[in-house]
Each structure stands twice: as structure tokens, then as C-alpha cells.
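A closer look at the structure
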Amino acid sequence: MKPIQLKREIEKQLDNENWVTSFDREQETLRIIDKRVDKGVTINLGNLAPRMKENKDQVLQETLKTIKEGLRLLTAEVNLAGNERHIFPVIRATSFPTETKDGRKLVFADHTAETRVFYAVDQGTSYSLIDENMLEKDNKTLNEIQEAAQFNLRSLKHTMKEDKVAGNTFYFLSMDDGYDASRILNESLLKEMDEKVHGQLTVAVPHHDVLIFGDIQNETGYDVLAQMVFQFFSEGRVPITALPFMYEDGELEPIFILAQKKPKETKKD
């Protein structure tokens, strides 16, 4: 399905009189604005078109859900007070904007050279990133938000799927709750996995819907890890980083050049 055809399919089901659409043929993007607040969401139809070949109805419904929920959040008032149990950390790439298009400064903290931590109020089917205005309005501090987010993160379940490749074991955490990648901030989980593996523990957050642990026991494991993480990165709705990390002594170190970063001996005593 061509982007222009996808545009028409979407517009047929956007029945709110306050929503106005505009299509950029060159960029193949559809922007939907709520004229009450003069803000909106932008969808890249060029990226969606190939996926439509596999399951047109599912992709279309997912896209409509994303659009409608995004527009709903533009007019919804978000309060921090009383919602402390619904505050969570959100991992994003360091290239992710720290300020919204309308000038609101988002609350964030540094994490690694590749990642940054933002904070959000969970609203069921989506979440709203916390900005400085919210802190001021509800008389909250960044430290209070961080403590609440870490506490709530530790309460999340972390069931994993396991796959063995050439003597290496990979663990995939994907609970589809919006905070899969955020679990990289759960230090107790990282220590638990470090004690579990027999070789070098690696951790990857290619996109926000998955967290990948690797028990790397030979050189082939690093090659598999690199290919795997890049594939997930290229397919994710919210890409984070294609670089995996080595976890050692409680620290995460990005693996930039695999051939040079491989430890000669990865077996534990």
C-alpha cells in the first residue's frame, strides 16, 4: 500500500471535528493537529507502508490507536500528586529531545553515553513524560520523582524467554507494558543476571519494547549479539541504541568495536 493510500485509510476513521490533517508528500508523513491546542502528532507513512503488506488491518488499527491516544494526551491534564504509584523511568537515546515543541523542558537524568532516563506518569494505555512545569505545579522535586520511579520499576514483573546460539545464551524480556527497556535501571535484576551467567554478561536496549541479556561464552557470541541487537534496533518503533553493553562491577560499558572489546577470557571462576 502506497503512503497516499494509507493516508486516505487513516483519514476515513478520524472522525473528530477538532482534528485537522496535512500530508507531506516529500517526507511521506501525515500530521494530525487538534486545532483547540494547535498541537498534534506526526506519523511516518513511508515506514508503515511495507508493514501493511503483512497484516493491513492490524497495522492500521495500531496506527489509529497511537494517533488517537497521542491526541488525547495533548488535551488531558496530568497530575503528579496522587499518582506517585504510576511514575516510571523511561529509557531513551541521548538524541531524544529534552524539550517539547511547545517549549516545555522535560525532566531527565544521565545514564550512559548512549542512553538517558526520562520520567513518565503511566495512564494505562500510554504515558505522559514529566516536565518541569509539572514538578512546579505539584510542588515535587526531581529526587522525589526518581525515588518513586525506581520503587515502582522494581515492582514490575520480568519473565524472560531464552534462546541458545552456538554455546551462548540470550534472554529476552518483553512484557509489552512500555517499560521493558527501563528495566535496565533495575540494579537488583542486573546483579541477579550477573550471578546467573557463566560467561560475560551483556545487556542491550535496542528499542523501548525489549531488554536483551546475553551470556557470552565465545567469540561467536559477540557476532550473534551484534547482528541481533542491530536487527531489533532497526525494527523498533522507538529505537534506542544498536550498541550492547558489557556489565562489569556494577557498571555498563558500551561495546563500540566488538573485535577489540572482546575479553580474551570470559569464563568465570
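Residues numbered from 1 in each chain as written. Predicted model: local features only at pLDDT ≥ 70, side-chain atom pairs only at ≥ 80, totals over all residues. Heavy atoms only, no water.

Further remarks concern the overall build of the protein chain. A count of helical and extended segments in the protein chain gives eight helices and 13 strands. Compactness check: the protein chain gives a C-alpha radius of gyration of 20 Å against a globular reference of 18 Å for 269 residues, within 12% of the reference. Projected onto the principal axes, the alpha-carbon positions of the protein chain cover approximately 65 × 50 × 30 Å. Scored against the burial criterion, the 269 residues of the protein chain give a buried share of 45%. Counted over contacts in the protein chain with a minimum sequence separation of 6, partners at least 24 positions apart contribute 57%. The average position of the 36 basic charges and that of the 46 acidic charges among the side chains of the protein chain differ by 6 Å. (Helix = DSSP H or I, 4+ residues; strand = E, 2+ residues; numbered from the N terminus. Rg over C-alpha atoms; globule rule 2.2 N^0.38 Å. Buried < 20%, exposed > 50% of the residue type's maximum accessible area, 1.4 Å probe, protein only. Contact = heavy atoms within 4.5 Å. Lys, Arg positive; Asp, Glu negative; His and termini not counted. Charge placed at Lys NZ, Arg CZ, Asp CG, Glu CD.)

With that settled, consider the pairing of strand β8 (residues 160–165). Of the pairings in the sheet, the one linking β8 to strand β9 (residues 168–173) comprises six bridges and is antiparallel in character. Bridge pairing links Lys164 to Thr169 in β9. Between β8 and the antiparallel strand that follows it, β9, lie two residues; Ala166 among them carries a positive phi value of about 50°. (Pairing = 2+ DSSP bridges.)

Turning our attention to a negative patch on the surface. A cluster of acidic residues, Glu187, Glu248, Asp249 and Glu251, forms a negative patch at the surface. By the element assignment, Glu251 lies in strand β13 (residues 251–254). Overall, the relative accessible area of 56% leaves Glu251 in the exposed class. (Patch = residues over 30% accessible without salt bridge, like charges linked within 9 Å, V, L, I, M, F, W, Y side chains within 5 Å. Areas by Shrake-Rupley, 256 points an atom, 1.4 Å probe, with all protein chains shown as cover. Salt bridge = Lys/Arg side-chain N within 4 Å of Asp/Glu carboxyl O.)

What follows is about helix α6 (residues 187–196). Residues Leu189, Leu190 and Met193 constitute the buried set of α6. For α6, the arc enclosing every buried residue in end-on projection is 100°, short of the 170-degree limit, so these residues lie on one face. Buried positions along α6 lie against β8, β9, β10 (200–204), β11 (211–216) and β12 (245–248). (Arc of directions from axis to C-beta.)

Helical geometry: 3.6 residues make up each α-helical turn, so side chains three or four residues apart lie on a common side. Along helix α1 (residues 3–12), the residues classified as buried are Pro3, Ile4, Leu6, Lys7 and Ile10. Down the axis of α1, the buried side of the element spans an arc of 155°, and every buried residue falls inside it. Packing partners of the buried residues in α1 comprise β1 (19–24), β2 (29–34), α2 (45–52) and α3 (56–75).

Overall, the coordinates contain 11 salt bridges when judged by the stated rule. A salt bridge links Asp209 to Arg237, with the nearest nitrogen and oxygen atoms 3.1 Å apart. With a gap of 28 residues between them, Asp209 in the loop between β10 and β11 and Arg237 in the loop between α7 (219–235) and β12 connect regions that are remote in the sequence. Assessed through its relative accessible area of 13%, Asp209 is described here as buried. The structure contains a network of salt bridges with shared partners spanning Asp177, Asp180 and Arg183.

Between α1 and α3, the least distance of the axes is 11 Å, while the angle of their chain directions is 60°. It follows from the interaxial angle that α1 and α3 lie oblique. Relative to α3, α1 is oriented so that their crossing is right-handed. Taken together, the residues of α3 that come into contact with α1 (itself represented by Leu6, Glu9 and Ile10) are Lys56, Leu60, Thr63, Leu64 and Ile67. Looking at side-chain class alone, the contact of α1 with α3 contains five nonpolar, one polar and two charged residues. (Axes fitted to C-alpha atoms, helices over the stretch in contact; angles between N-to-C directions. Parallel < 35°, antiparallel > 145°, perpendicular 65-115°, else oblique. Left-handed = near helix turned anticlockwise from the far one by under 90°. Nonpolar A, V, L, I, M, F, W, Y, C, P; charged D, E, K, R; others polar.)

As a further point, take the environment of Lys56. Mapping Lys56 onto the fold places it in helix α3. Taking C-alpha positions, Lys56 is 9.7 Å from Leu6, a pair spaced 50 residues apart along the chain. Contact partners of Lys56, with chain neighbours within four places excluded, come to Met1 and Glu9.

Now for the sheet that holds strand β3 (residues 39–44). Strand order in this open sheet of three strands is β1-β2-β3, and the pairing throughout is antiparallel. Looking at the sheet topology across the chains shown, the edges are occupied by β1 and β3. Neighbour to neighbour, the strand axes of the sheet diverge by 20° on average, direction disregarded. In this sheet, β3 lies alongside β2 in antiparallel orientation, the contact comprising six bridges.

Turning next to the sheet that holds β9. A sheet is described by the order of its strands in space; here six strands give the open sequence β8-β9-β11-β10-β12-β13, paired in antiparallel fashion. Only two strands of the sheet have a single partner each, and these edge strands are β8 and β13. Across the sheet, the mean angle from the axis of one strand to that of its neighbour is 25°, orientation sign disregarded. In this structure, β9 lies alongside β11, joined through five bridges in antiparallel fashion. Opposite Thr169, over in β11, you have Asp215 as the bridge partner. Sitting on the sheet, α7 is in contact with β8, β9, β10, β11 and β12, with an inclination near 25° to β9.

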